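Results of the structural survey
Here is how the chains run, residue by residue.
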Amino acid sequence: MASVNRQALCKTPTEWPPIEIAYQGNLLAGVDEVGRGPLVGSVVAAAVILDPQRGIDGLSDSKKLTAPRRAALDAQIRSRALAYCVAQASAAEVDQLNIHHATHLAMRRAIDGLRPAAEYLLVDGNRLPGHHLPGQAVVKGDARHQAIAAASIIAKVARDAQMQALHERYPDYGFDRHKGYPTRQHLAALEAHGPLAEHRRSFAPVQRQLALL
């Protein structure tokens, strides 16, 4: 019978119980994604196997960190982790598969890119991505386990870099500020300038603008 590790690595809010992990080895991968809600660009996933001998202070949910702090942690994760991989599913794949399935595709790609390979998965959310490896889904996992927090950070940094690059090509849309999310500024730019090739055609605000063309 598999042994159970009852200790989460992050400080856990009182409303969330400690994570019980049915795995005791060192090849546990945290998995998270960024970019389900935006109207444009890829959904980005990351998988990280942390090195228990090389701790990283300050890992937390990427959304709670400042951009400079995320960048600093991103560098530490990439230099100290046993393995990490960032992968994506394109806007076209989001349109073809839907955002749920595209997210899981990006996660599976990130998991498959790990060297050494993972033996067990901790995935943020309430569903596993359909990978053959054993694992468990962890609600609010990016705030409850360091490996998931690390994955959330490098996925966020990678996707924000994509949005910065898109901003440099199309500065009128404000991607450097809203990162593709359907803010008032983004919706106004979409109405004024129309959808780009990188916009997700299956998302309602984009569909509405396409119908007007």
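Predicted, not measured: the structure shown is a model, and the values here were computed from it. (Residues numbered from 1 in each chain as written. Predicted model: local features only at pLDDT ≥ 70, side-chain atom pairs only at ≥ 80, totals over all residues. Heavy atoms only, no water.)

**Remarks on the overall build of the protein chain**
A count of helical and extended segments in the protein chain gives 7 helices and 5 strands. Relative to the compact-globule value of 17 Å for 213 residues, the protein chain shows a C-alpha radius of gyration of 18 Å, a close match. Each of the three principal axes of the protein chain carries a C-alpha extent, and together these read 60 × 35 × 35 Å. Within the protein chain, the proportion of its 213 residues that are buried is 49%. Across the protein chain, the fraction of contacts at a sequence separation of at least 24, relative to all contacts at a separation of at least 6, is 61%. (Helix = DSSP H or I, 4+ residues; strand = E, 2+ residues; numbered from the N terminus. Rg over C-alpha atoms; globule rule 2.2 N^0.38 Å. Buried < 20%, exposed > 50% of the residue type's maximum accessible area, 1.4 Å probe, protein only. Contact = heavy atoms within 4.5 Å.)

**Details of the pairing of strand E3 (residues 83–89)**
Here E3 shows a buried face lined by Ala-83, Cys-85, Ala-87 and Ala-89 and an unburied face lined by Tyr-84, Val-86 and Gln-88. Inspection of the sheet shows strand E2 (residues 43–49) paired to E3 by 7 bridges, in the antiparallel sense. Its bridge partner being in E3, Ala-46 is matched across the sheet by Val-86. (Pairing = 2+ DSSP bridges.)

**Overview of the pattern of salt bridges**
Evaluated as defined, the whole model comprises 7 salt bridges. For Arg-70, the salt bridge goes to Asp-160, with nearest N and O atoms at 3.6 Å. One end of the pair, Arg-70, is in helix H1 (residues 67–80); the other, Asp-160, is in helix H4 (residues 146–169), with 90 residues separating them in the sequence. Two residues, Lys-156 and Asp-160, come together in a salt bridge whose shortest N-O distance is 3.2 Å. Residue Lys-156 and its partner Asp-160 are both found in helix H4; the two are separated by 4 residues, about one turn of the helix. The two residues Lys-156 and Asp-160 agree in class, both being buried. Residues joined by salt bridges that share partners form a network here, namely Asp-61, Lys-63 and Asp-142. (Salt bridge = Lys/Arg side-chain N within 4 Å of Asp/Glu carboxyl O.)

**Details of the packing of helix H6 (residues 184–193) against helix H7 (residues 204–212)**
Where H6 contacts H7, the two axes come as close as 10 Å, and the packing angle between them is 20°. Classified by the angle between their axes, H6 and H7 sit roughly parallel to one another. For the crossing formed where H6 meets H7, the hand is right-handed. Residues Leu-187, Leu-190 and Glu-191 of H6 lie in contact with H7, whose contacting residues are Pro-205, Val-206 and Gln-209. A class-by-class count of the residues in the contact of H6 with H7 yields 4 nonpolar, 1 polar and 1 charged. (Axes fitted to C-alpha atoms, helices over the stretch in contact; angles between N-to-C directions. Parallel < 35°, antiparallel > 145°, perpendicular 65-115°, else oblique. Left-handed = near helix turned anticlockwise from the far one by under 90°. Nonpolar A, V, L, I, M, F, W, Y, C, P; charged D, E, K, R; others polar.)

**So, the confidence of the model for the protein chain**
The share of residues in the protein chain with pLDDT of 70 or more is 93%, and the mean pLDDT across the chain is 93. Within the model, pLDDT remains below 50 along residues 1–8, and this stretch shows 21 contacts once partners closer than five positions in the same chain are excluded. (pLDDT = per-residue confidence, 0-100.)

**Re H6**
Where H6 is concerned, the buried positions are His-186, Ala-189 and Leu-190. The arc that holds every buried residue of H6, seen down its axis, measures 100°, which confines them to one face. Turned more than 90 degrees off the buried face of H6, the exposed positions are Arg-184, Glu-191 and Ala-192. Residues of H6 that are buried make contact with helix H5 (175–178) and H7. The positive-phi residue at the C-terminal boundary of H6 is Gly-194, with phi of around 85°. (Arc of directions from axis to C-beta.)

**Remarks on unusual backbone geometry**
Leaving glycine aside, a negative phi is the common case for residues, and trans is the common case for peptide bonds. Of note, the bond from Arg-115 into Pro-116 is cis; its omega dihedral lies within 30 degrees of zero at 5°. Structurally, Pro-116 can be placed in the loop between helix H3 (99–112) and strand E4 (120–124). For Lys-140, which is not glycine, the phi torsion reads 60° and is therefore positive. Structurally, Lys-140 can be placed in the loop between strand E5 (135–138) and H4.

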